[in-house]
Amino acid sequence: MKKILLFVLSLFYFANLHAQEKFTISGYIKDASNGEGLIGVSVYVQEIKSGTQTNAYGFYSLTLPKGKYNIILTYVGYEKITRAIDMETQDLKLDIEMKDDSKVLQEVVVTTKKADENVKSLEMSVNKVDIKTIQKMPALLGEVDIIKSIQYLPGVTSVGEGTSGFNVRGGGIDQNLVLLDEAPVYNSSHLFGFFSVFNPDAVKDVKLIKGGIPAQYGGRVSSILDVRMKEGNAKKPQFSGGIGSIFSRFTYERPLFKDKGSFIVALRRSYIDILAKPFLKDDLKGSRFYFYDFTAKGNVRLNDKNTIFLSGYFGRDTFGADFGFNWGNATTSFRWNHVFNNKLFLNNTVFYSNYDYSLQSDLKKKNTQDAFRWKSNIITYSIKPDFTYYPNANNTITFGGQLTYYSFNPGQAVAISGGVERAIGLDDKFATESALYVGNEQKANSKISFQYGLRYSLYNYIGKGTAVELGQAPAPGERRPVVSSKTYSRGESIQKYGNFEPRFAANFSLGENNSIKLSYNRLVQYLHLLSNTTASSPLDVWTPSSNNIKPQIADQVALGYFQNLADNMYEASVEVYYKKLYNQIDYVRNADLLLNPSVEADLLFGDGRAYGAEFYAKKTRGKLNGWISYTLARTERKIPGLNQDAWFPSRIDKLHNLAIVGIYDLNSRWSFSTNFTFSTGTPASFPTNKFVWQDIALPHNYYDSRNSYRIPASHRLDISATRQNKHAFFKKGTSEWVFSVYNVYNRRNPFSVFVRQNENNQTQTEAVRYAVFGTVIPAVTYNFKF
């Protein structure tokens, strides 16, 4: 803690070392049409050839020597604003509203908010996806999907179609910190991964950080997906929505308290269960398969220095009949923005997150003699104050902390056998995680800029509960025996871990249109997702670090070259990265992960590594725009006791990943878009020989090799067309029809390949390829706004 305090004091000292008579201009920049704060607006001072950007709430601050200046405000898709300001006698507070540039026909694709920010910004390994572009991209059944859209970016993959979550630079889905208004979302998918939990009508900004992660973020070792919700229209009431093939969306937003605030509510529900109900007979009668989510947010500006926000998300999936699954997320965030003065800004967040999931069979049957129900959850409470200090035009200092409390329910079950009910369950687990951080973004000169910071995290695994001590495994790769156990009282410390997490990034400008960037970060993760299935499922179990499970640690370095062409119409980049991971989890053979009081004895630990090159090119203006991304990468694991102690490909390893996105605006009424993806097949383990016993073939892996084969490659083409209408309902507002075709050439992409006995001759084995989609999927969606 002393090191961080000294670091903070030194930053303040150097930031003010050359103090002279200076004044500060500060304020908020908002959208003139709805009052939404604009994130990442460039505030450029012409005379000093430097400037700043608005933060996540639209706030900016610049300290300049006294004098007269011209400031230029630019934001993609909005009219440029130039203002002359006089700062010779006093500080200046200037709030500005920016108007849409109605003359711009095209939508920017993956925007960095400022035309040359691809080259000038310190950010690397970062993609900001414009929500209007996401809405134009072809999607499954015509339903806009944020999680699927980011998988067209370099370094982002999934293990197959219809899978939950996403993988970033060799990390598992649990190694991505997915935030919705700063609250963590533990399962970002509906319907086993076919759709994301984010309602696009309520989303304002999407930012994916794969490397060079600032010090204010922590808790995961691969990436940050920061999703910000809309604040609601502060100018006028607005109703919008969409009617699609399997679900519909409805959103309402309006001002509050005479233009002092606003709110938004958004609801989605699928109705495939209602459409299918007349056709379900016998055992399928009464089946339930639907999902819904409700999103809401409100804000009130108390005065010029204080604004409060309250947002929430509540979603649930139900799938099955007598046997079925049920899972859902619930988050609530309360945030308080306070402007201490024109140089110091505070955002204080308090959030709650609950992810629960269950499995049941036959519990609702009358007079049932055999039934089962299992449920689990993870609850998170946290408070997170974040300060931003703007000492001058060349430094932006961030500092703050976070205190988090976790409650884990690893599993509670009710089993009925022969009419006799029996309760089975595991003890709840508890933990706290606290952190302090400080960072600075510094412009050394016109050619060189840095971002550096330090985060310290302290984790405490606490009671009430029983902790076991494990002995040495009989042999590498085998289950460890339980040698003793100890009971701890509520709040008593069982195991502590503390880690320093340094962060660094640099930008070296080679000219007006090109630069070299590099970054390093260490990240620590104290939560783990236990899953030994082909792809993650909603029933995978979250567990904390303990006396037997060490926290995951990742060190990543990245180097990139960035180039803009044709007056910033084209942007290109090449990044190479290397990531080393420690304390990665694998499993003994036949591991038992559900309702196992000694589950930690079934875990194996080792190292991981991921390395690759990411190529990215995009066109940002004109009637035709889009991007091409290609990733060449490897992801490997080394676990003692597996694969003869040698490195082997991870389950999510894909050597080649190609994505092409194109959007063409024909005129003011019609636009067309297409996606194409190609990826190498994922690794798999297959038998090398077989035994025949009583005329039954038993597959066997003689060499104990892991992931030495690959399933076939996957590729797919999607297309869509959007027609804008003059009006929506009653000749008011606007509307559009979206026509889409998913999997145009009817590709049966393999999800997995498995070996089984031949049905006609059980002495023979056969490999079977399973595909989630095996047909062309057309869809029509009607969207409206008024």
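Everything here concerns the structure above.
The residue numbering used here restarts from 1 in each chain and proceeds along that chain's sequence as written. Residue-level local features of this predicted model are given only where pLDDT is at least 70; pairs of side-chain atoms are given and counted only at 80 or more, and the full residue set underlies all totals for whole chains, interfaces and linings. Excluded from the side-chain calculation are hydrogens and water; included are all heavy atoms of the structure.

Asker: What's the story with the overall build of the protein in this structure? I'm lost.
Answerer: Secondary structure counts use DSSP, requiring at least four H or I residues in a row for a helix and at least two E residues in a row for a strand, with both numbered from the N terminus. The number of helices and strands found in the protein is five helices and 51 strands. Throughout, the radius of gyration refers to the C-alpha atoms, and the reference size of a globule is 2.2 Å times the residue count to the power 0.38. The C-alpha atoms of the protein give 27 Å as radius of gyration, which agrees with the globular expectation for 786 residues (28 Å, within 12%). Based on the C-alpha atoms only, the size of the protein along its principal axes is roughly 95 × 65 × 50 Å. Here the protein holds 786 residues, and 57% of them are scored as buried. The contact criterion used is simple: two residues touch if any of their non-hydrogen atoms lie within 4.5 Å. Within the protein, contacts between residues at least 6 apart in sequence are counted, and of these 66% link residues at least 24 apart. Method for areas: the Shrake-Rupley scheme with a 1.4 Å probe, in which residue coverage is limited to the protein chains shown. Of the roughly 33700 Å² of accessible surface on the protein, 57% is carried by carbon and sulfur atoms. Note that His is not counted, nor are the chain ends; the positive residues are Lys and Arg, and the negative ones are Asp and Glu. Taken as the charge location is NZ of Lys, CZ of Arg, CG of Asp or CD of Glu. Of the charged side chains in the protein, 92 are positive and 71 negative; the average position of the first set lies 3 Å away from that of the second. Whether a residue is buried, partly exposed or exposed follows from its accessible area with a 1.4 Å probe, protein chains only, as a fraction of its type maximum: under 20%, in between, or over 50%, in that order.

Asker: Hey, could you run me through the nonpolar core in this one?
Answerer: The nonpolar side chains of soluble globular proteins are, as a tendency, buried together. Residues enter a nonpolar core if they are buried and are Ala, Val, Leu, Ile, Met, Phe, Trp, Tyr or Cys, with the set joined through side-chain atoms within 4.5 Å. Counting residues in each nonpolar core, the largest one holds 29 residues, and the members touching the most others are L153, F166, F198 and L225. For this core, the secondary-structure elements that each account for two or more residues are α3 (131-136), α4 (146-150), β12 (176-180), β16 (203-209), β17 (223-229) and β41 (656-665). Setting aside residues up to four positions removed in sequence, F166 forms contacts with I147, I150, Q151, V156, T157, G172, I173, N176, V178, L208, S223 and L225. Among the nonpolar cores identified, the runner-up in size contains 26 residues, and Y357, W374, Y461 and V524 belong to it.

Asker: Which parts of the structure should I look at to understand the pairing of strand β32 (residues 493-509)?
Answerer: For a regular strand, the rule is simple: side chains alternate between the two faces of the sheet. If DSSP finds at least two bridges between two strands, the strands pair. Two elements, strand β29 (residues 448-462) and β32, share 15 bridges in a ladder whose sense is antiparallel. Looking at β32, one finds that Y459 is bridged to Y497. In terms of strand pairing, β32 meets strand β33 (residues 514-525) through seven bridges, oriented antiparallel. Within β33, the residue paired with N507 across the bridge is K517. Linkage of β32 to β33, two consecutive antiparallel strands, is achieved through a turn of four residues.

Asker: What exactly am I supposed to notice about the sheet that holds strand β3 (residues 50-53) here?
Answerer: The pairing of strands in a sheet happens through backbone hydrogen bonds and is either parallel or antiparallel. Read from one edge of the open sheet, four strands run β3-β2-β5-β6, paired in antiparallel fashion. Sheet topology places β3 and β6 (81-87) at the edges, where each strand pairs with a single neighbour. Each neighbouring strand pair of the sheet contributes to a mean axis angle of 25°, computed without reference to strand direction. Bridging between strand β2 (residues 42-45) and strand β5 (residues 67-74) involves four bridges; their strand directions are antiparallel. Across the sheet, residue V43 finds its bridge partner in β5, namely L73. Lines fitted to C-alpha atoms define the axes, with helix axes restricted to the stretch in contact, and inter-axis angles between N-to-C directions lie between 0 and 180 degrees.

Asker: Explain the sheet that holds strand β13 (residues 183-184) here, please?
Answerer: Read from one edge of the open sheet, five strands run β9-β16-β17-β12-β13, paired in mixed fashion. Each edge of the open sheet carries a strand with a single partner, namely β9 (126-129) and β13. Pairing of β9 with β16 involves four bridges; the strand directions are antiparallel. Looking at the pairing, V129 lines up with V206 of β16.

Asker: Please explain the packing of aromatic side chains as it appears in this structure.
Answerer: The relation between two aromatic rings is expressed through the spacing of the ring centres and the mutual angle of the planes. Any two of the Phe, Tyr and Trp rings considered here, Trp counted by its six-membered ring, make a pair once their centres fall within 6.5 Å; the pair's planes then place it as stacked at under 30 degrees, edge-to-face at over 60, or tilted in between. Per the stated rule, a full pass over the model turns up 39 aromatic pairs. On the numbers, 6.1 Å between centres and 35° between planes, the contact of F450 with F504 is tilted. Of the two residues, F450 is situated in strand β29 and F504 in strand β32; the sequence distance between them amounts to 54 residues. Each ring, one from F450 and one from F508, has its centre 6.4 Å from the other, and the planes form 85°; the classification is edge-to-face. Separated by 58 residues along the polypeptide, F450 in strand β29 and F508 in strand β32 bring together distant segments of the chain. On the basis of relative accessible area, F450 is assigned to the partly exposed category, the value being 23%. Taken together through their ring pairs, the aromatic side chains of F239, F250, W737, F739, Y782, F784 and F786 make up a single cluster. Only lysine NZ and arginine CZ atoms are considered, and such an atom sits over a ring when it is within 6 Å of the ring centre and within 35 degrees of the ring normal. If you follow R490 out to its NZ or CZ, it ends over the ring of F430, 5.9 Å from the centre. In this structure, R609 is placed above the aromatic ring of W647, and the distance from its NZ or CZ to the ring centre is 4.0 Å.

Asker: Please explain the environment of Q584 as it appears in this structure.
Answerer: Residue position: Q584 is located in strand β37 (residues 570-587). Every residue in contact with Q584, bar those within four places of it in the chain, is listed here: Q175, Q552, L604, F605, G606, D607, G608, R637 and I639. Whenever a nitrogen or oxygen atom comes within 3.5 Å of another N or O atom, the pair is scored as a polar contact, on the condition that within protein one atom can donate a hydrogen and the other can accept it, and that pairs from neighbouring residues in sequence are kept only if both atoms are in side chains. Looking at Q584, its side chain comes within polar contact range of the side chain of Q175, at 3.0 Å.

Asker: Just to check I follow, could you spell out unusual backbone geometry for this structure?
Answerer: If a residue is not glycine, its phi is most likely negative; likewise, a peptide bond is most likely trans. Residue K464 is bonded to the preceding G463 through a cis peptide linkage, with omega at 20°. Following the sequence through the fold, K464 ends up in the loop between β29 and β30 (465-470). Here the phi dihedral of E182 falls at roughly 75°; this positive angle occurs in a residue that is not glycine. Mapped onto the elements of the fold, E182 is located in the loop between β12 and β13. Here N590, not a glycine, exhibits a phi torsion of approximately 60°, which is positive. Topologically, N590 is positioned in the loop between β37 and β38 (603-619).

Asker: Looking at this model, I keep getting lost on the side chain of S121. Mind explaining?
Answerer: Topologically, S121 is positioned in the loop between α2 (117-120) and β9. In this structure S121 comes out as buried when scored by relative accessible area, which is 12%. Not counting residues within four places of it along the chain, the set of residues in contact with S121 comprises N507 and K517.

Asker: For this particular structure, what's the right way to read the pattern of salt bridges?
Answerer: Two side chains that carry opposite charge are able to pair once their charged atoms sit near each other. One speaks of a salt bridge when a side-chain nitrogen belonging to Lys or Arg is within 4 Å of a carboxyl oxygen belonging to Asp or Glu. Considering all chains together, one arrives at 34 salt bridges under this definition. The salt bridge partner of E36 is K204, with a shortest N-O separation of 3.6 Å. Of this pair, E36 sits in the loop between β1 (22-31) and β2 while K204 sits in strand β16; the two residues are 168 residues apart in sequence, bridging distant segments of the chain. Each member of the pair, E36 as well as K204, carries the same accessibility label: buried. Residue R169 pairs with E614 through a salt bridge whose shortest N-O separation is 2.8 Å. Of the two residues, R169 is situated in the loop between β11 (167-168) and β12 and E614 in strand β38; the sequence distance between them amounts to 445 residues. Judged by its relative accessible area of 1%, R169 is buried. Assessed through its relative accessible area of 2%, E614 is described here as buried. Where salt bridges share partners, they join D181, E182, D226, R228, K297, R335, K384 and D386 into one cluster.

Any functional reading would require information beyond the geometric quantities listed.
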